[in-house]
Structure formats: C-alpha cells, structure tokens
Amino acid sequence: MINPEDCTRVRRRSKWSLLAVEHVLRTRLARKASRTLESVAVKTWVIAPSETSIAPPAYYLTGQLERVTGWTFADEHPRRAMEGGPGTHGATRGFLLRDIWLIDGALYKDDARSWLAPRSNWWPRVRVECELDRGAVFCTAMGNKYFGQWLMDNCVTYPMACVEGVPVTTAQAVNIHTPGYEDWLGMKPVRLHNAFFRELVIFDDVGQNRHKHGRFRAMEQQLLSHVKASPHPGVFIVRGATGEQRILQNEMELAERLRDRRGFRILDPTKADVPTIVATCAGARTVMGVEGSGLMHGILVLEPGGSVMTLQPPNRFVSVYKHLTDRDHQHFGFVVGLPEGAGFRVDPVEVERTLDLFPA
C-alpha cells in the first residue's frame, strides 16, 4: 500500500502551466469544445470485456409506475429498467496519458479536459507544486459529488489504481464517514489540488460487469471482517432532511412500524460511526429507505439473495440501485409515494404488501 506521505514518489516542485487558462478562453470566447482525455491516450487496454445479461423485473405493486412524474440519472422513464430484459454492460478499460495537469479539479492534456470536481477558484491557477512520475486517478465527478456514488464507484476502482500507480483523488471536503470507510477498506489515497503527472492512468469503469461485481464483493468481505454478523429481517436507513431534500413525511412512523411488525433495525447514519453502521446493516435480508446515498451503507454488506427496497419520490425516481442488485444477484423493489407538502408520503400498507412480493 502506498503511503501518501511518501515524497519519494510525490515530489514538491513548482511548475507553471497556462493550459487551464487557455481552455477557459477557448471554450468561453471561441466556443470550441474540448476533446476527451481518452482520445489523447498513448495506450488503451481492456481490463474486463463487455457482457450481456437478462435483468429480472423489479418487485412493485400495480399502478406504481403511473405515479412517476420525473426521474434522474436516466434518459428515459424508468418503466423499461423496472420491467427487466436484455442489457449490455460496458467493458472496464484503462488509459495511459503522458504529461497531464490537474488544476482546480480538472485534468488537462493539450486541448483535452475532464472535470473531476468543482473549481475552487473563479480563475484557474497557473502554478502547481506537486509532480508525480506515475499516478492513477480513481475518483469521478459523480463520486466527488455524491457519497453513495463514491462508495459504489470510486471505492471499487481504487484497487485497480493501486496496481497502476499512486492512487490519486482530488482534494476537497469529504463526507463524515469517508475516513472510517477508508480505514476499514485499507484505502490510503493521495489527495491533490494541483499536480503534474509524467504518466497518468485513468479508467472507464462504468459497466456493471462481473469484474466490477468481484471487486464490489471483495469490499463487502473487507467490511464484514470487522464485525460479527448474524441474519436479521432488515434495516431501515433514515434519510431525514440530509443531502438534496426529498423528505418522506411519515419516515419515522414507517420505520417504527417495520421495527415493531417485521423486526427491522432502524439506522440513522448521521448519528452513527462506520463500525456502528456496518454492524447494524450486516446480516440484513432487506435494505430499505428513501432513495439516496444513505442506502449504500446497507447495500455494501448485503448478501446475494438479499433485497433492496427504495421509497421513491414521485418527481425523482432513480433506477441506479436496480443495476447493482441485478449485478450482485439480489432483488430490487420499490414503492412510489404521493406528494405531500414539501415532500411526499408513502402508504405503509403498500410497503408491507411489496415486502411480501420478495422471495422468502
């Protein structure tokens, strides 16, 4: 494991570059689009090939999809994804680049650029003070923005980055649970604001192929090795008013009903550390909660054959977790709520009826 304090591989050396400024002028004044970093790679290789599979249908009651008025992280109505069917999972690939600049959350090479994090300054810096012979970026723009995607995408790419070079991520504020997960997963990334890389490896790791499944399951085993898990009916993960608001008006009422009638555990991640979170979720047969990053706490340690049930706001349906459950041989179900005030309400009877649809 690479020690981020090891300055033999991360040298502090001042370098100047006007690439970021040139990109600003080109895109804002000349309106010329940037090329992708993948298009300027000196080497490309396939780590895992693309695959096809048949996705099972989700578990839901009649009339639920008719309530959907909006969706995100998808280009079309979720009906097709929820009905299942044949699909293709993209390959996992690596790209080697030379003479790359990381400046204010973006990677630059000639006229190619890729954003990884929001810019920290209105005008990009022209000097960097760190030079690496060979790095490997495992973070993504979405993973830097959403904690759930950091867990499901960035953490699972990290082991590949360690093989290729110094594992690098952008330096920005992290979630309160990031240090705990990094500790239990053995992650020691180098966080950088600005840097110059003589060589840099980047990844295309979006496809939910078997290689990614294997890496995700390895994360599960690392986390479970720290706790004593025994089977239990399920865990209800409280969202509250955290993150981008989608307030379930009767959230605690529903959580307590499932605790009393079904034996569910109730977890509020904002009031728990990583050891408590993993111990609470480990062994659950069902992970339930409002769609959002918090569900990943439970999904990370959900065994094959387990179930994920999302409580969906009608105006913000998300299908992402079904792709994970399809990949990991688990079941996915949902209930779509009805608008109420600034949030939405879910019928407890519909929740229990949907739970009864899952395989025993």
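Residues numbered from 1 in each chain as written. Predicted model: local features only at pLDDT ≥ 70, side-chain atom pairs only at ≥ 80, totals over all residues. Heavy atoms only, no water.

### Examining the pairing of strand 18 (residues 331–336)
Consecutive side chains of a regular strand alternate in pointing toward one face of the sheet and then the other. Just so we agree on the cut-off: Using a 1.4 Å probe on the protein chains alone, a residue whose accessible area is under 20% of its type maximum counts as buried, one over 50% counts as exposed, and one in between counts as partly exposed. Numbering goes from the N terminus for both helices and strands, where a helix is a DSSP run of H or I of at least four residues and a strand is a run of E of at least two. Two strands qualify as a pair provided DSSP detects at least 2 bridges between them.
Most of strand 18 sits out of view: 5 of its 6 residues are buried. Note: strand 17 (residues 307–312) against strand 18, 6 bridges, orientation parallel. Looking at strand 18, one finds that Thr310 is bridged to Phe334.

### Topic: the packing of aromatic side chains
So the rule is basically this: Pairs were defined over the aromatic rings of Phe, Tyr and Trp, the Trp ring being its six-membered one, requiring ring centres within 6.5 Å. Orientation was assigned from the angle between planes: stacked under 30 degrees, edge-to-face over 60, tilted for the rest.
With the rule as written, the count across this model stands at 9 aromatic pairs. Arranged with centres 4.8 Å apart and planes meeting at 25 degrees, the rings of Tyr60 and Phe334 form a pair that is stacked. Of this pair, Tyr60 sits in the loop between strand 4 (51–55) and helix 2 (79–83) while Phe334 sits in strand 18; the two residues are 274 residues apart in sequence, bridging distant segments of the chain. On the accessibility criterion, Tyr60 (24% relative accessible area) is partly exposed. Since its relative accessible area comes to 0%, Phe334 is described here as buried. Between the aromatic rings of Phe73 and Tyr146, the centroid separation amounts to 5.5 Å while the plane-to-plane angle is 90 degrees, which identifies the pairing as edge-to-face. One end of the pair, Phe73, is in the loop between strand 4 and helix 2; the other, Tyr146, is in the loop between helix 3 (141–145) and helix 4 (147–164), and 73 residues separate them in sequence. Cluster of aromatic residues (ring-pair linked, three or more members): Tyr60, Phe317, Phe332 and Phe334.

### Focus on the pattern of salt bridges
We apply this condition: The working definition used for a salt bridge is a side-chain nitrogen of Lys or Arg within 4 Å of a carboxyl oxygen of Asp or Glu.
The final tally for this structure, using the stated rule, is 30 salt bridges. In this structure, the salt-bridge partner of Asp111 is Arg35, at a minimum N-O distance of 2.9 Å. A residue pair is termed long-range when its members are at least 10 positions apart, and Asp111 in the loop between strand 7 (106–109) and strand 8 (112–115) and Arg35 in the loop between helix 1 (19–28) and strand 3 (43–48) qualify at 76 residues. Take Asp111: its relative accessible area is 19%, and that puts it in the buried class. Relative accessible area serves as the criterion here: at 39%, Arg35 is assigned to the partly exposed category.

### Quick notes on the side chain of Ser319
Put simply, the test is: Pairs of residues are marked as contacts when any of their non-hydrogen atoms sit within 4.5 Å.
Residue position: Ser319 is located in the loop between strand 17 and helix 10 (320–327). According to the relative accessible area criterion, Ser319 is buried, its value standing at 8%. Leave out the neighbours within four places in its chain, and Ser319 touches Pro78, Ala81 and Met82.

### Things to note about helix 11 (residues 348–355)
Rules: We call two N or O atoms a polar contact when they sit within 3.5 Å, provided that within protein one can donate a hydrogen and the other can accept it, with sequence-adjacent residues counted only if both atoms are side-chain atoms.
Counting buried residues in helix 11 gives 6 out of 8 residues, a clear majority hidden from the surface. Against the buried residues of helix 11 lie helix 7 (251–262), strand 16 (286–290), strand 17 and strand 18. A side-chain oxygen of the first residue of helix 11 lies 2.9 Å from the backbone nitrogen of Val349; this N-cap is Asp347.

### Brief notes about the environment of Phe197
Locating Phe197 in the fold gives a position in strand 13 (residues 194–204). Once the C-alpha coordinates of Phe197 and Trp101 are considered, the two residues, 96 residues apart in sequence, prove to be 6.3 Å apart. Each residue touching Phe197, except ones within four places of it in the same chain, is listed here: Arg98, Asp99, Ile100, Leu102, Leu107, Leu132, Gly135, Val168 and Leu192.

### Comments concerning the environment of Pro313
Counting through the fold element by element, Pro313 comes out in the loop between strand 17 and helix 10. Since its relative accessible area comes to 2%, Pro313 is described here as buried. Beyond its immediate stretch of four places on either side in the chain, Pro313 contacts Arg246 and Phe344.

### Regarding the packing of helix 5 (residues 178–185) against helix 6 (residues 210–224)
Test applied: Only the contacting stretch of a helix is used when fitting its axis, a line to C-alpha atoms as for every element, and angles between N-to-C directions run 0 to 180 degrees. Orientation categories follow fixed angle ranges, with anything under 35 degrees roughly parallel, anything over 145 roughly antiparallel, 65 to 115 roughly perpendicular, and all other angles oblique. Only Asp, Glu, Lys and Arg are considered charged in this grouping, and only Ala, Val, Leu, Ile, Met, Phe, Trp, Tyr, Cys and Pro are considered nonpolar; every other residue, Gly among them, is considered polar.
Where helix 5 contacts helix 6, the two axes come as close as 9 Å, and the packing angle between them is 95 degrees. When the axes of helix 5 and helix 6 are compared, the pair comes out roughly perpendicular. Together, Tyr181, Trp184 and Leu185 of helix 5 and Met219, Gln222 and Leu223 of helix 6 make up the contact between the two elements. Tallied by class, the residues present in the contact of helix 5 with helix 6 amount to 5 nonpolar, 1 polar and no charged.

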